[in-house]
Amino acid sequence: MMGDYIYLHGFASSPQSYKGQCLHSHLETVGIDLRLPDLNQGDFNHLTLTRQINQITQQLQGPTTLIGSSLGGLVAAWVAEQSAAIERLVLLAPAFDFLQQWLPRLGQTQLQQWQSTGWLSVYHYGLKAQQRLHYDFLTDAQRYADHQLQRSLPTLILHGTQDDVIALDASQRYAQTRPWVTLHPLDTDHGMANAMGEIADAVADFCHL
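Here the structure is a predicted model, which means the values were calculated and not measured.

Enquirer: What am I meant to see in the overall build of the protein chain here?
Expert: Along its length, the protein chain carries eight helices and seven strands. A compact globule built from 209 residues would reach a C-alpha radius of gyration of about 17 Å, and the protein chain, at 16 Å, matches this within 12%. Within the protein chain, the proportion of its 209 residues that are buried is 55%. Contacts spanning at least 24 positions in sequence make up 68% of the contacts within the protein chain whose residues lie at least 6 apart. Just so you have it, the protein chain exposes about 9,500 Å², and 49% of that area is on carbon and sulfur atoms. Positive and negative side-chain charges of the protein chain, numbering 11 and 19 respectively, have mean locations separated by a distance of 6 Å.

This is the structure:
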């Protein structure tokens, strides 16, 4: 099936990410021009989940397949929840239970500094440099609870068994209570670099390309 195809990159990444570029090349061979919007919008410092959701929702032009990686996968799920234009989802190591997994790694001291100063320094892989992130990112993300994602639509989740950034069991819990979700574990880590051929084949099969 055709229609629009949009890829949403992960947190502190960019449209030039390895996964996005690989999928763009693979889909190009079957006549699909995968769109890769920049979720940083030139202002990573004030990134929020809400801003990303609104950005993609405003770009929808018709029936669309969303492919989202990591935090981009979470954004994709929320866009699909709110827009009937989304026909199917492909989620690569989606960032379900995001704050529960990320915040403990920051530690209480760093969290308190983020709240008191308003800023957190994070490494941005797309820019290859440290960037400041405003505390609004955290308070905004707290408004979004995974259990509210209940729209029934064809969803494929591909998640690495060796993922130490977003644990596989987050996707397992998500799929358990949603019969419209197919979870396909892969022998890979969060970057998924060694599984891109398998991922491309799974996407083509799921989307009937």
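Now that the structure is up, let's keep going.
Enquirer: Honestly, the sheet that holds strand β1 (residues 4-8) in this entry has me stumped. Any pointers?
Expert: Consider a sheet: its strands pair through backbone hydrogen bonds, and that pairing is either parallel or antiparallel. The five strands lie next to each other as β1-β2-β3-β6-β7, forming an open sheet whose pairing is parallel. For this open sheet the edge positions go to β1 and β7 (181-186), each flanked by a neighbour on one side alone. Pairwise comparison of adjacent strand axes, ignoring direction, gives a mean angle of 15° for this sheet. Examined bridge by bridge, β1 and strand β2 (residues 64-69) share five bridges and lie parallel to one another. Across the sheet, the residue bridging to Y5 is T65, located in β2. Strand contacts of helix α7 (residues 168-176): β6 (155-160) and β7, with the helix running at about 160° to β7, the strand carrying the most contacts.

Enquirer: What's the story with the pattern of salt bridges in this structure? I'm lost.
Expert: Two side chains with opposite charge may pair up if their charged atoms get near one another. Per the stated rule, a full pass over the model turns up four salt bridges. Among the ionic pairs, D97 bridges to R173, the shortest N-O distance being 2.4 Å. Here R173 lies in helix α7 and D97 lies in the loop between β3 (86-92) and α4 (98-106), a separation of 76 residues in the sequence. What emerges from the salt-bridge pattern is a single network uniting D97, D169 and R173.

Enquirer: Explain the nonpolar core to me, please; I cannot follow it from the model alone.
Expert: Generally speaking, soluble globular proteins have nonpolar side chains that are buried together. Judged by nonpolar contacts, the single largest core of 48 residues is most densely connected at L66, F96, F98, W102 and W114. Looking at this core element by element, the count peaks at eight residues for helix α3 (residues 71-82). In this view, L66 contacts I6, L8, I56, A76, V79, I86, R88, L89 and V90; residues no more than four positions away in its chain are not counted.

Enquirer: I'm lost on the packing of α4 against helix α5 (residues 108-117) in this one. Help?
Expert: How two helices sit against one another is set out by the angle between their axes and by the gap between those axes. Interaxial distance between α4 and α5 falls to 6 Å at its minimum, and their mutual angle equals 100°. One element, α4, and the other, α5, form an angle in the roughly perpendicular class. In contact with W102, L103 and L106 of α4, α5 contributes Q108, Q110, L111 and W114.

Parameters at a glance
Residues numbered from 1 in each chain as written. Predicted model: local features only at pLDDT ≥ 70, side-chain atom pairs only at ≥ 80, totals over all residues. Heavy atoms only, no water. Helix = DSSP H or I, 4+ residues; strand = E, 2+ residues; numbered from the N terminus. Rg over C-alpha atoms; globule rule 2.2 N^0.38 Å. Buried < 20%, exposed > 50% of the residue type's maximum accessible area, 1.4 Å probe, protein only. Contact = heavy atoms within 4.5 Å. Areas by Shrake-Rupley, 256 points an atom, 1.4 Å probe, with all protein chains shown as cover. Lys, Arg positive; Asp, Glu negative; His and termini not counted. Charge placed at Lys NZ, Arg CZ, Asp CG, Glu CD. Pairing = 2+ DSSP bridges. Axes fitted to C-alpha atoms, helices over the stretch in contact; angles between N-to-C directions. Salt bridge = Lys/Arg side-chain N within 4 Å of Asp/Glu carboxyl O. Core = buried A, V, L, I, M, F, W, Y, C linked by side-chain atoms within 4.5 Å. Parallel < 35°, antiparallel > 145°, perpendicular 65-115°, else oblique.

Purely spatial values, then, with no claim about function.
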